[in-house]
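# Coordinates in review
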Amino acid sequence: MATIKPIEGRSVHQIQSGQVIVDLCSVVKELIENSLDAGATSIDIRFKNQGLDAIEVQDNGGGIAPEDFESVALKHHTSKLNSYDDLSGLTTFGFRGEALSSLCALAEFHVVTARASDGPKGTRLDFEVSGKLKNTSIVASTKGTIVSVANIFYNLPVRKRELEKHIKREYGKVLGVLHAYACISTGVKFSVSNQMPKGKKTTVFSTKANPTSKENIANVYGAKTLLALIPLDLKLEMQPGQGPTQSARNWGTQVDDPSRRVQVVGHISRPVVGEGRQTPDRQMFFVNSRPCGLPQVTKAANEVYKSYNVTQSPFIFANFIMDTNAYDVNVSPDKRTIMLHDQTLLLESLKASLVELFESHDQSVPQSQL
Ligand code: ADP
Ligand code: MG
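Residue numbers run consecutively from 1 along every chain, following the written order of its sequence. The lettering of chains begins at A and the numbering of ligands begins at 1, in the order of writing. Per-residue local features of the predicted model are confined to residues with pLDDT of at least 70, and side-chain atom pairs are confined, for both listing and counting, to 80 or more; whole-chain, interface and lining totals are unaffected and use all residues.

### With respect to the overall build of the chain
- Every helix listed is a DSSP run of H or I at least four residues long, and every strand listed is a run of E at least two residues long, numbered separately from the N terminus. Per the secondary structure count, the chain includes 8 helices and 16 strands.
- Taken over C-alpha atoms, the radius of gyration is set against a globule rule of 2.2 Å times the number of residues to the power 0.38. Radius of gyration (C-alpha) of the chain: 22 Å, near the 21 Å computed for a compact globule of 370 residues.
- Here the C-alpha coordinates of the chain stretch approximately 65 × 55 × 45 Å along the principal axes.
- Looking at the chain alone, contacts between residues at least 24 apart form 66% of all its contacts between residues at least 6 apart. A residue pair is marked as a contact if its C-beta atoms, positioned from the backbone, fall within 7 Å.

### Thoughts on the sheet that holds strand β7 (residues 189-195)
- A sheet is described by the order of its strands in space; here 8 strands give the open sequence β5-β4-β3-β6-β2-β1-β7-β8, paired in mixed fashion. If you trace the sheet from one side to the other, it starts and ends with β5 (133-140) and β8 (201-206), each paired once. Pairwise comparison of adjacent strand axes, ignoring direction, gives a mean angle of 15° for this sheet.
- At least two DSSP bridges between two strands are needed for those strands to be called paired. Relative to β7, strand β1 (residues 42-48) is paired through 7 bridges, and the arrangement is parallel. Counterpart to Phe47 in the pairing with β7 is Asn194. Angles shown run from 0 to 180 degrees and are taken between the N-to-C directions of axes, each axis being a line fitted to C-alpha atoms and, for helices, limited to the stretch in contact.

### Regarding the environment of Leu229
- Within the secondary structure layout, Leu229 lies in strand β9 (residues 229-239).
- Residues Leu229 and Tyr327, spaced 98 residues apart in sequence, show a C-alpha to C-alpha distance of 28 Å.
- Contact partners of Leu229, with chain neighbours within four places excluded, come to His267, Ile268, Ser269 and Phe315.

### Notes on the environment of Thr113
- Mapped onto the secondary structure, Thr113 falls in strand β3 (residues 108-114).
- Here the alpha-carbon distance between Thr113 and Gly172, two residues 59 residues apart in the chain, equals 29 Å.

### Structural notes on the domain arrangement of the chain
- Residue ranges for the domains trace back to a domain assignment, done automatically or taken from a database. The domain boundaries assigned to the chain delineate domain 1 (9-213) and domain 2 (222-364).
- Using C-alpha coordinates to define each centre, domain 1 is positioned 30 Å away from domain 2.
- Each side of the interface is counted separately: domain 1 has 14 residues, and domain 2 has 12 residues.
- If you list the elements that add at least two residues to the side of domain 1 that touches domain 2, you get α1 (9-20) and α5 (167-184).
- If you tally residues by element for the side of domain 1 that touches domain 2, the top one is α5, at 5 residues.
- Here the term charged refers only to Asp, Glu, Lys and Arg, the term nonpolar to Ala, Val, Leu, Ile, Met, Phe, Trp, Tyr, Cys and Pro, and the term polar to all other amino acids, Gly among them. Its residues placed into classes, the side of domain 1 that touches domain 2 shows 9 nonpolar, 5 polar and no charged.

### Observations regarding the site of ligand 1
- Residues are classed as near a molecule or strand if the C-beta position derived from their backbone is within 6 Å of it. Taken together, 22 residues lie around ligand 1, and Asn34, Ala38, Thr78, Gly94 and Ala99 are the ones closest in.
- Among the secondary structure elements, those contributing two or more residues to the shell around ligand 1 are α2 (24-37) and α3 (99-106).
- Taken together, the residues that form the shell around ligand 1 break down as 6 nonpolar, 11 polar and 5 charged.

### Overview of the packing of α1 against α3
- Direction vectors running N to C along α1 and α3 enclose 115°, while the axes themselves pass 9 Å from each other. The angle between α1 and α3 places the two elements in the roughly perpendicular class. The two elements α1 and α3 meet at a crossing, and its hand is left-handed. Residues His13, Gln14, Ser17, Gly18 and Val20 of α1 touch α3, and the partners they reach there are Ala99, Ser102, Ala105 and Leu106.
- Counted by class, the contact of α1 with α3 contains 4 nonpolar, 5 polar and no charged residues. With respect to orientation, any angle under 35 degrees is reported as roughly parallel, any angle over 145 as roughly antiparallel, any angle of 65 to 115 as roughly perpendicular, and every other angle as oblique. With the far helix as reference, a near helix turned anticlockwise by less than a right angle produces a left-handed crossing, and one turned clockwise produces a right-handed crossing.

### With respect to the pairing of β8
- In this scheme the burial state of a residue depends on its C-beta neighbours within 10 Å: 20 or more other such atoms mean buried, 12 or fewer mean exposed, and anything in between means partly exposed; the C-beta positions come from the backbone. Taken across its 6 residues, β8 has 0 buried, putting it largely on the surface.
- Alignment of β7 against β8, held across 5 bridges, turns out to be antiparallel. From the neighbouring strand, Gln195 faces β8, where its bridge partner is Lys201.
- The antiparallel pairing of β7 with β8 creates a hairpin that spans 5 residues between the two strands, and Lys198 there sits at a positive phi of about 65°.

See the structure below:
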């Protein structure tokens, strides 16, 4: 008798879902990205018991059209990408059509959605574990979408127990993810609240719909934070075989290929003792405004900073603006890992440009003392 048999469809769905939604951070990241993709200018994130009991994300975006209700939570159904060829020109956060279907498999999940034309009425959508639409009902609602996720990982007992055990740390990481989206998203109002069991609802942080990231940073971390920061505006050029090139302020003339030019914009701590931070927190990296972890870039930036301020770590908010052909977001199911082509050259160029930037700043009087 043959021993190799296909895994039953339902089990495959659960296995794969657990790779897309790995923790609370993935839930929050996927829902925020959907709201931003829907054109929201206001996003309200409500936690119950730091997310252990429930997470609700409400936006004022375009809503979901009735003809899409059936497919919204089906695996690999998306309004954002038609074929693999479109991937490099992608302008949305989402593209795999996996988040909502995965949440159906791992949590108690429902959606309420209304478009501008729907008046004060919206539709509540309930789904089966497979992502198939189970039921719709008319409810009162304003324009936009509310996604509710409760009892996350109820059917993965080991992961659920781990989450309960480390909820404080996980919730801290979730807030870090939210800070990054709130700081980079100009023109979008974020509001984050938490309600502990038997406690009252508290606001965790909020931003206004600011026109600049700088104002977002002030809202999230306090206006005082800005005093210890200098603007980042590096123009990196990566010419194979020539090492780091040119000035940190201007493009050189040697590099014509746009995929070899990277602009880094944002803010970083002044390279002066007392102006950094005690711990290496508050370090946010983005590729074309997509929040992401870039471990090698993080390491390089910290190393350079430490050569000016040995005792502290920098605050970093750095958006790498680069050609969409120069990186790949489709590396891991949770889309957190971004693969940068020519990473070695990029790191060399980044280090050289940071040194140049810090050299021009380290002798000056800290702004906070002016
Ligand atoms: P993806 O974002 O990769 O398309 P998702 O599973 O996250 O996949 O979402 C599936 C689809 O549901 C999206 O393509 C989008 O059309 C719709 N959708 C999800 N969240 C929202 C939202 N907050 N507002 C409007 N439409 C949404
Ligand atoms: Mg999505």
